[in-house]
Amino acid sequence: MLVAAAVCPHPPLIVPELAGAAAHELDGLRAACREALAELDAAAPDRLVVVGGAESACSYGSRSAGTLRPWGVDVTVGEGEPVLPLSLTIGRRLLGERRADGFEAVAFDAEPAGCLTLGEALAREGRVALLVMADGSARLTPKSPGYHDPAAQPYNDLVVRAVADADAAALARLDPGEAAELWVAGRAALQVLAGAAGRKGSGGLKGRLLADAAPYGVGYFVATWT
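As a starting point, this report considers the structure included with it.

Quick notes on the rules
- Residues numbered from 1 in each chain as written.
- Predicted model: local features only at pLDDT ≥ 70, side-chain atom pairs only at ≥ 80, totals over all residues.
- Heavy atoms only, no water.
- Helix = DSSP H or I, 4+ residues; strand = E, 2+ residues; numbered from the N terminus.
- Rg over C-alpha atoms; globule rule 2.2 N^0.38 Å.
- Contact = heavy atoms within 4.5 Å.
- Lys, Arg positive; Asp, Glu negative; His and termini not counted.
- Charge placed at Lys NZ, Arg CZ, Asp CG, Glu CD.
- Pairing = 2+ DSSP bridges.
- Axes fitted to C-alpha atoms, helices over the stretch in contact; angles between N-to-C directions.
- Salt bridge = Lys/Arg side-chain N within 4 Å of Asp/Glu carboxyl O.
- Buried < 20%, exposed > 50% of the residue type's maximum accessible area, 1.4 Å probe, protein only.
- Parallel < 35°, antiparallel > 145°, perpendicular 65-115°, else oblique.
- Left-handed = near helix turned anticlockwise from the far one by under 90°.
- Nonpolar A, V, L, I, M, F, W, Y, C, P; charged D, E, K, R; others polar.
- Polar contact = N/O pair within 3.5 Å; in protein donor to acceptor, adjacent residues only side chain to side chain.

1. Re the overall build of the protein chain
Link 1 in the chain: For the protein chain, the helix and strand inventory stands at 8 helices and 9 strands.
Link 2 in the chain: Taken over the C-alpha trace, the protein chain has a radius of gyration of 16 Å; the compact-globule value for 226 residues is 17 Å, and the two agree within 12%.
Link 3 in the chain: Along the first, second and third principal axes, the C-alpha set of the protein chain runs to 40 × 40 × 30 Å.
Link 4 in the chain: Taking contacts inside the protein chain between residues at least 6 apart in sequence as the whole, the part at least 24 apart equals 72%.
Link 5 in the chain: Averaging the locations of the 20 positively and 27 negatively charged side chains of the protein chain gives two centres separated by 4 Å.

Below you can see the structure in the form of structure tokens.
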């Protein structure tokens, strides 16, 4: 069963070495991520799995490595040749000395049914905690990477409410086409979480929103389900 989950964003700039002089702009998000991971620790799960979006689906072992070299900083986490996509690389970096039992990349365009099924499968592996790497819309302002779409803020707010309330049913209903149009990178990973929690409810988990910000016109939020 799913005993706890943390939802964190995965912008490269959350790594201070990459942010440089602007590192302080994401200090609040970093602090919220640390608090969220402490709540995962408190749940004492048997297994910890990191879930994040990628161009294609793949399962990676506990020692798998990722690097931020493509983003301009020589930071590598894990062991061996870097293979983790950005979302899982940031997740691995946030874990610090913690050990993950696996890393699951889910395709950004994965169908909801497949995401939910993956979550259900992960939740059957003992007392499981998930670290879910999920960004919101990247079309919130004129300076956003995807430029501004007036539909982006209401949609982003809907996602944040679902995460804050541990509303697995609402996450399960997210439409992949609408999410793609509004550049919501975390949709598929959040639907894996919904599947793990029980797509029609939350499995008794309660949500807590620790941060909700958009410093670069992209929705970044941090929450825990415990």
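2. Considerations on the sheet that holds strand β3 (residues 58–60)
Strand pairing in a sheet relies on backbone hydrogen bonds. The paired strands run either parallel or antiparallel.
Link 1 in the chain: With respect to topology, 7 strands assemble into an open sheet ordered β3-β6-β2-β7-β1-β9-β8, the strand pairing being mixed. The sheet terminates laterally at β3 and β8 (207–213), the two strands that pair on one side only. Neighbour-to-neighbour, the strand axes of the sheet open up by a mean angle of 15°, direction not taken into account.
Link 2 in the chain: Where helix α3 (residues 86–95) meets the sheet, it contacts β1 (2–8), β2 (47–54), β3, β6 (102–107) and β7 (128–133), and its direction lies at approximately 145° from that of β2.
Link 3 in the chain: Seen against the sheet, helix α5 (residues 152–164) touches β1, β8 and β9 (220–225) and runs at an angle of roughly 20° to β9.

3. Regarding the pattern of salt bridges
Link 1 in the chain: Applying the stated criterion across every chain, the model contains 9 salt bridges.
Link 2 in the chain: As a salt-bridge pair, Arg47 and Glu125 come within 2.9 Å of each other at their nearest N and O atoms. A residue pair is termed long-range when its members are at least 10 positions apart, and Arg47 in strand β2 and Glu125 in the loop between α4 (112–123) and β7 qualify at 78 residues.
Link 3 in the chain: With a relative accessible area of 35%, Glu125 lands in the partly exposed category.
Link 4 in the chain: Between Glu181 and Arg139 there is a salt bridge whose closest N-O contact spans 3.4 Å. In this pair, Glu181 is assigned in helix α7 (residues 176–181) and Arg139 in the loop between β7 and α5, connecting sequence segments 42 residues apart.
Link 5 in the chain: With relative accessibility at 47%, the residue Glu181 sits in the partly exposed group.
Link 6 in the chain: Through salt bridges with shared partners, a single network forms among Glu35, Glu39 and Arg208.

4. Considerations on the packing of α4 against helix α8 (residues 187–197)
Link 1 in the chain: The interhelical angle for the contact between α4 and α8, taken along N-to-C directions, is 50°, at an axis separation of 6 Å. As far as their axial angle goes, α8 and α4 are oblique. Pair α4 / α8 crosses with right-handed handedness. Residues Pro112, Cys115, Leu116, Leu118, Gly119, Glu120, Leu122 and Ala123 of α4 touch α8, and the partners they reach there are Arg187, Ala188, Gln191, Val192, Ala194, Gly195 and Ala196.
Link 2 in the chain: Here the residues of the contact of α4 with α8 are counted per class, giving 10 nonpolar, 3 polar and 2 charged.

5. Some words on the pairing of β6
Link 1 in the chain: Most of β6 sits out of view: 6 of its 6 residues are buried.
Link 2 in the chain: Burial along β6 is two-sided: the face carrying Gly102, Glu104 and Val106 and the face carrying Phe103, Ala105 and Ala107 are both buried.
Link 3 in the chain: Two strands pair when backbone bridges link them, and β2 and β6 are joined in this way by 6 bridges, in the parallel orientation. Counterpart to Val50 in the pairing with β6 is Phe103.

6. Details of the side chain of Ser137
Link 1 in the chain: Topologically, Ser137 is positioned in the loop between β7 and α5.
Link 2 in the chain: Taking the relative accessible area as the measure of exposure, Ser137 reaches 0% and is therefore buried.
Link 3 in the chain: A distance of 3.1 Å separates a polar atom in the side chain of Ser137 from the backbone nitrogen of Arg139.
Link 4 in the chain: Those residues in contact with Ser137 that lie beyond four places of it in its chain are Ala152, Asn156, Leu182, Trp183, Val184, Gly217, Val218 and Gly219.

Nothing here speaks to function; it is all geometry.
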